[in-house]
Every structure is written in structure tokens, then in C-alpha cells.
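# Structure at a glance
This is what each chain is made of:
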Amino acid sequence: MLSKKVVPFSEFHKNKVFDFGKCSLSEKQIIDYAKQWDPLPFHLSKEGGEKSIFGGLIASGPQIFHEIHKNHWLPLFGHSVICGIGVNNWIFIKPIYVDNLIHSRITIIDLEVSKAKKHAKVSWFYEFLDADGEPYQSLEMTILHSMA
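Residues numbered from 1 in each chain as written. Predicted model: local features only at pLDDT ≥ 70, side-chain atom pairs only at ≥ 80, totals over all residues. Heavy atoms only, no water.

## Some points on the side chain of Thr107
As for its placement among the helices and strands, Thr107 is situated in strand β3 (residues 102–114). Excluding residues within four positions of it along the chain, Thr107 makes contact with Asn15, Lys16, Val17, Ser123, Trp124, Phe125 and Glu127. (Helix = DSSP H or I, 4+ residues; strand = E, 2+ residues; numbered from the N terminus. Contact = heavy atoms within 4.5 Å.)

If you want it as C-alpha cells, here you go:
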């Protein structure tokens, strides 16, 4: 697991992996997130989840991304962010249930440096995996970072 120290741009390299370890979402976290952002029955209560095709309470699709991005990625890399450029290929492969153990790993998959402008376009690949290494979901996010 990474420490919460800021990662300088000099440590950004194509194919570098940042492992954020494992976490889970509690029933309260799932319901609280759903109330604010995705109030569908299978996110709001165990009963609603049990009546759905999922058979139980599940997290909203983007919830694990928001959790990891806010609590792990931003503290390390947010200092150098100029702006977001895009999100691509966000796929939801299987639902995340209460207390599922989720392994989060983020890889720099592309890095385009503009030395004259002192910035770089960095493409990040987010992976959220189960205990067997099988994906719950993944996405690519491209960010413009300052090299200063």
C-alpha cells in the first residue's frame, strides 16, 4: 500500500503501477451514496436489492471509483492536476455487494510530455478487482498534469 505522500511528476512513468490495496463498502456507505447520487431501490435498501436481479444491496457503479479517487489518488497526484481531459471505456463487469473485498490498482498507460508547456497528458487505468484478481470494473481517465 502506498503512503499518503505526494508523488512528484518525476516518478510518473509509463506502465508504472500504483497499488492502493484492499477496501470494502459497508451497507451504510452504499445507502448514503445512493441517497445522494443514485437513488435506485437496489442501492437504497437490502429489501430493494433482494427484489432485484442482483439479489442483494449493491453499490452504485461509480461509487468505488469515487471512493478510491478521492481518498487515495487525489492525495498523491491532485497537486499536479491542471484539468481532466476525459474518461473512456468505463465498464461495469459485476456488481459490488456489501463488504466485498475490492483491490484497487491504477496504472499509467500513456504519458505525453510537452516540455515547452511544462505539462503532460497522462492516461490512467483504474482496476477494481475481487479476491481472485477478477475485475469488478475498470476505466481509463486522461488528466493534464503540471510537470512543475
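## Digging into the nonpolar core
Of all hydrophobic cores here, the largest spans 30 residues; its most connected members are Phe12, Ile64, Phe77, Trp124, Tyr126 and Phe128. Those elements that place two or more of their residues in this core are β1 (17–23), α1 (27–37), α4 (63–77), β3, β4 (119–129) and β5 (135–146). Broken down by element, this core gets its largest block of residues, six residues, from α4. When residues no more than four places from it in sequence are discounted, the contact partners of Phe12 are Val7, Phe77, Ser80, Ile108, Leu111, Val122, Trp124 and His145. (Core = buried A, V, L, I, M, F, W, Y, C linked by side-chain atoms within 4.5 Å. Buried < 20%, exposed > 50% of the residue type's maximum accessible area, 1.4 Å probe, protein only.)

## Considering the layout of surface pockets
Its volume calculated, the largest pocket comes out at about 170 Å³. Around the largest pocket, the lining comprises 13 residues; the ones closest to its centre are Ile58, Ala59, Gly61, Phe92 and Pro95. Each residue belonging to the lining of the largest pocket can be placed in one class, and the counts come to eight nonpolar, four polar and one charged. (1 Å grid on protein atoms, 1.4 Å probe; cavity = no way out; pocket = protein on both sides within 12 Å on 5 of 7 lines; lining within 4 Å. Points joined across faces, edges and corners; volume = space filled by probe spheres on them. Nonpolar A, V, L, I, M, F, W, Y, C, P; charged D, E, K, R; others polar.)

## Observations concerning α4
Structurally, the α-helix is built with 3.6 residues per turn, so residues lying three or four positions apart point the same way. Here α4 is 15 residues long and its end C-alpha atoms lie 20 Å apart, about the 21 Å a rise of 1.5 Å per residue gives. At His69, α4 shows its maximal bend, which comes to roughly 40°. Of the positions making up α4, those classed as buried are Gln63, Ile64, Phe65, Ile68, His69, His72, Trp73, Leu76 and Phe77. Those residues of α4 that are buried lie in contact with β1, α1, β2 (81–92), β3, β4 and β5. (Expected span 1.5 Å × (residues − 1). Bend = angle between axes of the 7 residues up to and from the residue.)

## Here we look at the sheet that holds β1
With antiparallel pairing, the five strands of this open sheet are ordered in space as β1-β3-β4-β5-β2. Two strands lie at the open edges of the sheet, namely β1 and β2, each paired on one side alone. Between one strand axis and the next, the sheet turns through 20° on average, direction left out of account. In this structure, β3 lies alongside β4, joined through eleven bridges in antiparallel fashion. Looking across to β4, one finds that Glu112 is bridged to Lys121. (Pairing = 2+ DSSP bridges. Axes fitted to C-alpha atoms, helices over the stretch in contact; angles between N-to-C directions.)

## Examining the pattern of salt bridges
Tallying each qualifying case throughout the model produces four salt bridges. Across the pair Lys28 and Asp32 runs a salt bridge whose closest N-O atoms are separated by 2.6 Å. Taken as a pair, Lys28 and Asp32 lie in helix α1 at a separation of four residues, close to a single helical turn. Lys28 gets classed as exposed once you look at its relative accessible area, which sits at 59%. A salt bridge links Arg105 to Glu127; the nearest nitrogen and oxygen atoms lie 2.9 Å apart. Taken together, the residues span a long stretch of sequence, with Arg105 in strand β3 and Glu127 in strand β4 at a distance of 22 residues. (Salt bridge = Lys/Arg side-chain N within 4 Å of Asp/Glu carboxyl O.)

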